[in-house]
Amino acid sequence: MRKLFNPALLSFRRTLFASKKNRVKLVGLFLMAAGFFSVEYLFIAKMLIYFSKTELIGYLLIEKMLYMANFIFFFMLVFSNIITSISTYYTADDIPLLLSAPITLEEFFYSRFIQTMIKSSWMIVLFGLPIYIAYGTILHGGIVYYLSMVASLGFFVLIASSTGIILTIIATYILPARRFREFMLFISIIVFIGIYIGFRIIRPERFLNPRSFENVVGYLATLHSSQSLLLPSTWFSSTLMACISHSYLDGIHMFLPLISTAMGITATGVFTTYMFYMNGFTKAQESKNANLGRKGVFYKWLNILTNRSSLFVKAIIKKDVLSFFRDASQWSQLLLLGALILVYVYNFTALPLKNIPFPTIYLKNIVAFFNLGLAAFVITAIATRFAFPSVSLEGRVLWLIKVSPNDLSELIRAKVLYNLIPLLVVASALVFFTNHVLGVFNFIMYLSLITMLLLTTAITNMGVGFGAIYPKYHYENVADISMGFGGLIFMVASLGLTMIVLVIEAIPTYKLMKAFTFSLGLNFYDYVWISLLYLLSVSIISYSTMYVKAKAIKTIKITEG
Amino acid sequence: MIEIRSLTKVYTNLRAVDNVNLEIKEGELFSLLGPNGAGKTTLLKMIVGLLYPTSGDVIIDGKSITKEPVSSKKLLGFIPDRPFVYEKLTGLEYLIFVANMYNLDGDNIEKRARELLELFSLTNFANEMIEGYSHGMKQRLVFASAMIHEPKYLIVDEPMVGLDPRGITLLKAIFRSMKKKGKTILMSTHDLYIAEQLSDRIGIINEGRLIALGTAQQLREQAGIKGGNLESIFLKLTHEDLIEELNL
């Protein structure tokens, strides 16, 4: 059995330690992870300290937060495992080799299971650990808490992974041929409904606004309301909370279903593999006709949209759009994007701004300005998923682009254009909608829209550029492309740029806003330095865009096609 | 004419191509032979601009591939040894895409694409996604795509790999027909029989260096072999002691 893991382990080790460059990357990656870990830990710790000082409801809020976090983590883990298991169980290059080897289906299941679990869970676990550690340190969990945290987190992840894999195996068996697209749609709708219902059940906005409850008793009753005892996230959260309050017997009560379900569902995974896998795998080998044909309306629209571009740019965009909608592993990521926007907008409408006892118009405009940072974060997250992998998606066909008589800057232009249009639509919609909800000054609305337009253009260019500088032409799953050192560097660079631009723009914006709110006059010199600061932010955006683009072209040129 | 001038490619621990000088004349079919890892693919990749040379240059009709890549690449068609293509496009879409890469568009291109699909027996699969094609079908599609812009020079890396006997016969006929039309073909191959059958001249490359050059007859003379076939010349020039070493 161990032999089945060796190729993955060896190639992982070789990739990490093969060259000095890779070792530097590893250190960089570690430092970044440590930085992220620390910031998240400090944020959660501060929040826990604040809540723990709040009488009566503090502890309940702390408990509720953990339930909510784990509930979301559970769905994210299941969805992530579904996406990963499609490639690890069905489309990976080494599947035929493994299936032709003298191993049992059980061994096959476990070898793929561990790979799937690690690939799809490490990031979510990394994101969750600072939360759990903060709970332990701030609420004085003690050694038993940490031990139970490690054990129950392991079983929690195991349940989510098994659930995702089992769903994939069954759905691939039920749905005919290579219908991953329909399959993904089916699963995604289920996950979406799950998240939506979950959010509606929890209604997190209520806890921020106790006044919306009829009385204190009602508010407390809601906070006290128990979670569904059928959910692994409830068992996990309850185990942790029981250990924090040193009620170890309660902890064991919640830990037992976690461990027994984990064991049971893993066994079910083996059973499902024996029952359905081979049939599903055979069906998955059948070919399929192409949808979105060249004569259709869709293709005509593409022609109109790309009408003013060069033939090369047009061809790349058309090819990318067709490939995107024909490849479930690509378009299914749109659903993650949809979930991100949904949560963002939902949280915004739930902001308790109406109940604030001081001049709201001033505050609302400040919130609107800093909301640009959040919107840029959302755009960065989307660009990491879509713009960053776009050059790598050329994959092993990069040779064709490189032998064709075209300037490589045209390739970058095509990739930027292809990503920029949808990103601009999302970015402007986000900013417009949130500013509209806030009811900001027209001046703030225009400034936000222009800044967002420039930032989105820069983020898209940087996404494509960094993707070309740190490419992954040989990938199994599209989602893997951005999950590495390059993806992280891009996110840091993009957020860094956003921060710099917002800090520079904050000074003149504050000055202008004050002048608007209190009808103060501005003199000539005020206008000069205000313009200069806006100009500086535009220059920084332009320079960073051009720098990354030039470096990207240079990297593609020397890449062996 | 393709002029290869002192072309060298050095990787960290390997001199893959070592100071190769070669001229390939217009209308010529030139075969490049050599054992595995001799540097054939690296040399071809530098000729088509896929790889930057460490030193030296490739001049295509007076244009340098490193200094004027766009104008020189217009004259070339390249067929790599492995047929990596966009799996989510159909065969017809792929050919039109490649035509667009060469700034060709319009109804004529679709007509030409269909003709090429017919020529390579792919008409029945024209509207099927390439991911369902077999290796040989993909190889034929890549051939069709390299011919869509009617290049003056066709550079082919291992053309016969993955093709069935029918495909090989077709390819030989296409090469002969292209030669008649005055096109130039440069191919690397392990198939010594085909190289001998089709080539005007043959170059043998070993350890990155061009060690022999000429017609089959001239190579025989260089190897000091009378009346032997290309296989014996090849072995003589590249692995002189192989047979003795193997004690066969």
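Conventions adopted
- Residues numbered from 1 in each chain as written.
- Chains lettered and ligands numbered in written order.
- Predicted model: local features only at pLDDT ≥ 70, side-chain atom pairs only at ≥ 80, totals over all residues.
- Pairing = 2+ DSSP bridges.
- Helix = DSSP H or I, 4+ residues; strand = E, 2+ residues; numbered from the N terminus.
- Contact = placed C-beta atoms within 7 Å.
- Axes fitted to C-alpha atoms, helices over the stretch in contact; angles between N-to-C directions.
- Parallel < 35°, antiparallel > 145°, perpendicular 65-115°, else oblique.
- Left-handed = near helix turned anticlockwise from the far one by under 90°.
- Nonpolar A, V, L, I, M, F, W, Y, C, P; charged D, E, K, R; others polar.
- Core = buried A, V, L, I, M, F, W, Y, C linked by C-beta atoms within 7 Å.
- Buried ≥ 20, exposed ≤ 12 C-beta atoms within 10 Å, placed from the backbone.
- Domains from an automatic or database assignment.
- Expected span 1.5 Å × (residues − 1).

Here we take up the sheet that holds strand 5 (residues 63-64) of chain B. Residues and elements named next belong to chain B. Across the sheet, 4 strands lie side by side as 2-1-4-5; this open sheet has antiparallel pairing. Strands at the two margins of the open sheet, each flanked by one partner only, are strand 2 (14-24) and strand 5. In the sheet, strand 1 (residues 2-11) pairs with strand 4 (residues 55-60) via 5 bridges, with the strands oriented antiparallel. Bridge assignment links isoleucine 2 to a residue of strand 4, and that residue is isoleucine 60. In this fold helix 1 (residues 40-47) packs onto strand 1, strand 2 and strand 4, with an angle of close to 120° to the strand it touches most, strand 1.

On to the packing of helix 18 (residues 408-438) of chain A against helix 19 (residues 442-469) of chain A. Residue and element names in this part refer to chain A. Taken N-terminus to C-terminus, the directions of helix 18 and helix 19 make an angle of 150°; their axes are 8 Å apart at the nearest point. Regarding the angle of helix 18 to helix 19, the classification is roughly antiparallel. Where helix 18 crosses over helix 19, the handedness of that crossing is right-handed. Tallied by class, residues from the contact of helix 18 with helix 19 come to 15 nonpolar, 10 polar and 1 charged.

Before going further, it helps to examine the packing of helix 3 (residues 91-101) of chain B against helix 5 (residues 135-147) of chain B. Residues and elements named next belong to chain B. Between helix 3 and helix 5, the shortest axis-to-axis distance is 9 Å and the interhelical angle comes to 30°. Here helix 3 lies roughly parallel to helix 5, going by the angle between them. Viewed along their axes, helix 3 and helix 5 form a crossing whose handedness is right-handed. Every residue of helix 5 that contacts helix 3 at Gly91, Tyr94, Leu95 and Val98 is listed here: Leu141, Ala144 and Ser145. Tallied by class, the residues present in the contact of helix 3 with helix 5 amount to 5 nonpolar, 2 polar and no charged.

Formed by 182 residues in total, the largest nonpolar core has its most connected members in Leu240 of chain A together with Ile47, Leu95 and Ile155 of chain B. When sequence neighbours within four positions are dropped, the list of residues in contact with leucine 240 of chain A reads Leu66, Tyr132, Tyr135, Tyr145, Ser148, Met149 and Ser152 of chain A.

With that settled, the discussion passes to unusual backbone geometry. Of note in the backbone geometry, histidine 140 of chain A takes a positive phi value of approximately 55° without being a glycine. Despite not being glycine, glutamate 207 of chain B shows a phi value in the positive range, around 50°. Summarising the element assignment, glutamate 207 of chain B is placed in the loop between strand 9 (201-206) and strand 10 (209-214). On the basis of neighbour count, glutamate 207 of chain B is assigned to the partly exposed category, with 16 C-beta atoms found within 10 Å.

Think of interface size as the accessible area that goes away when the parts come together; that is how it is often given. Taken residue by residue, the interface counts 31 residues in chain B and 28 residues in chain A. Sorting the residues of the side of chain B that touches chain A by element identifies helix 2 (69-73), strand 6 (76-79) and helix 3 of chain B as the ones contributing at least two each. Considering every element that reaches the side of chain B that touches chain A, the biggest residue donor is helix 3 of chain B, with 5 residues. Residue classes in the side of chain B that touches chain A are distributed as 17 nonpolar, 7 polar and 7 charged.

All right, on to the domain arrangement of chain A then. Each assigned domain of chain A is listed here: domain 1 (59-288), domain 2 (290-326) and domain 3 (331-561). Domain 2 of chain A puts 9 residues into the contact, and the matching count from domain 3 of chain A is 8 residues.

Further remarks concern the sheet that holds strand 6 of chain B. Residue and element names in this part refer to chain B. Judged by pairing direction, the sheet is mixed, and its 6 strands sit side by side in the order 6-7-8-3-9-10 without closing on themselves. At either end of the open sheet lies a strand with only one pairing partner, and these are strand 6 and strand 10. The sheet shows a mean angle of 15° between the axes of neighbouring strands, taken without regard to direction. Sheet analysis places strand 3 (residues 29-33) next to strand 8 (residues 184-188), joined by 4 bridges and oriented parallel. The residue bridging phenylalanine 30 from the neighbouring strand is leucine 186, located in strand 8.

All names here are of chain A. End to end, helix 22 (residues 524-558) covers 51 Å across 35 residues, agreeing with the expected 51 Å (1.5 Å per residue, within 8%). Those residues of helix 22 lying buried are Ser537, Ile541, Ser544, Thr545, Val548, Ala552 and Ile556. Against helix 18, helix 19 and helix 21 (485-517) lie the buried residues of helix 22.

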